[in-house]
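Report on the structure
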Amino acid sequence: SPAQKLVFNRVNGKRPQVLLQQVSAPEECYTLAHEENVRFVYEAWQQVEQQLDSSRSGESTCGPVQYVEKTPNPGLKDFVPIDLEEWWAQQFLAKIENCS
């Protein structure tokens, strides 16, 4: 005989609210050295972006130069970078659907 199905009746015909469960991640501990490294890289990158903006607007003749390929690789002509936020959202929704 086929397996029995569980049937849940809705109250007053209303759709039940779905509660999203947070995926529990282990608590991450950052050392002082780690935080200093992150701060250093962040501040250095902010300076590079400011200098790039200045050179684009003609305020500065020296500074960082943005690399642009003169002859792009034909094998990469259809390359589309992945949108990580969208990918993570899809993974999250897939986990929710699999759990329900």
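Higher on the page you've got the structure.
Reference entry: report on the structure contained in this document. Note that the coordinates shown come from a computational prediction; the quantities given were computed from them, not determined experimentally.

From N to C terminus, the protein chain includes 2 helices and 0 strands. Looking at the 100 residues of the protein chain, the share that counts as buried comes to 1%. Total accessible area on the protein chain stands at roughly 10800 Å², and carbon and sulfur atoms take up 56% of it.

Here the focus is the packing of aromatic side chains. Per the counting criterion, the structure on display carries 1 aromatic pair. A centroid spacing of 4.8 Å and a plane angle of 75° characterise the contact between W87 and W88, whose relative ring orientation is edge-to-face. Given the relative accessible area of 35%, W87 is considered partly exposed.

So, on to a nonpolar patch on the surface. On the surface, a cluster of nonpolar side chains totalling about 470 Å² of accessible area is made up of I82, L84, W87 and W88. Position of W88 among the secondary structure elements: in helix α2 (residues 84–99). Take W88: its relative accessible area is 55%, and that puts it in the exposed class.

Here the focus is α2. If you check α2, its first and last C-alpha atoms are 23 Å apart, about what 16 residues at 1.5 Å a residue would give, namely 22 Å. Between the side-chain oxygen at the start of α2 and the backbone nitrogen of E85 there is a gap of 3.2 Å, and the oxygen is on D83.

Rules of the game
Residues numbered from 1 in each chain as written. Predicted model: local features only at pLDDT ≥ 70, side-chain atom pairs only at ≥ 80, totals over all residues. Heavy atoms only, no water. Helix = DSSP H or I, 4+ residues; strand = E, 2+ residues; numbered from the N terminus. Buried < 20%, exposed > 50% of the residue type's maximum accessible area, 1.4 Å probe, protein only. Areas by Shrake-Rupley, 256 points an atom, 1.4 Å probe, with all protein chains shown as cover. Phe/Tyr/Trp six-rings, centres within 6.5 Å; stacked < 30°, edge-to-face > 60°. Patch = residues over 30% accessible without salt bridge, like charges linked within 9 Å, V, L, I, M, F, W, Y side chains within 5 Å. Salt bridge = Lys/Arg side-chain N within 4 Å of Asp/Glu carboxyl O. Expected span 1.5 Å × (residues − 1). Polar contact = N/O pair within 3.5 Å; in protein donor to acceptor, adjacent residues only side chain to side chain.

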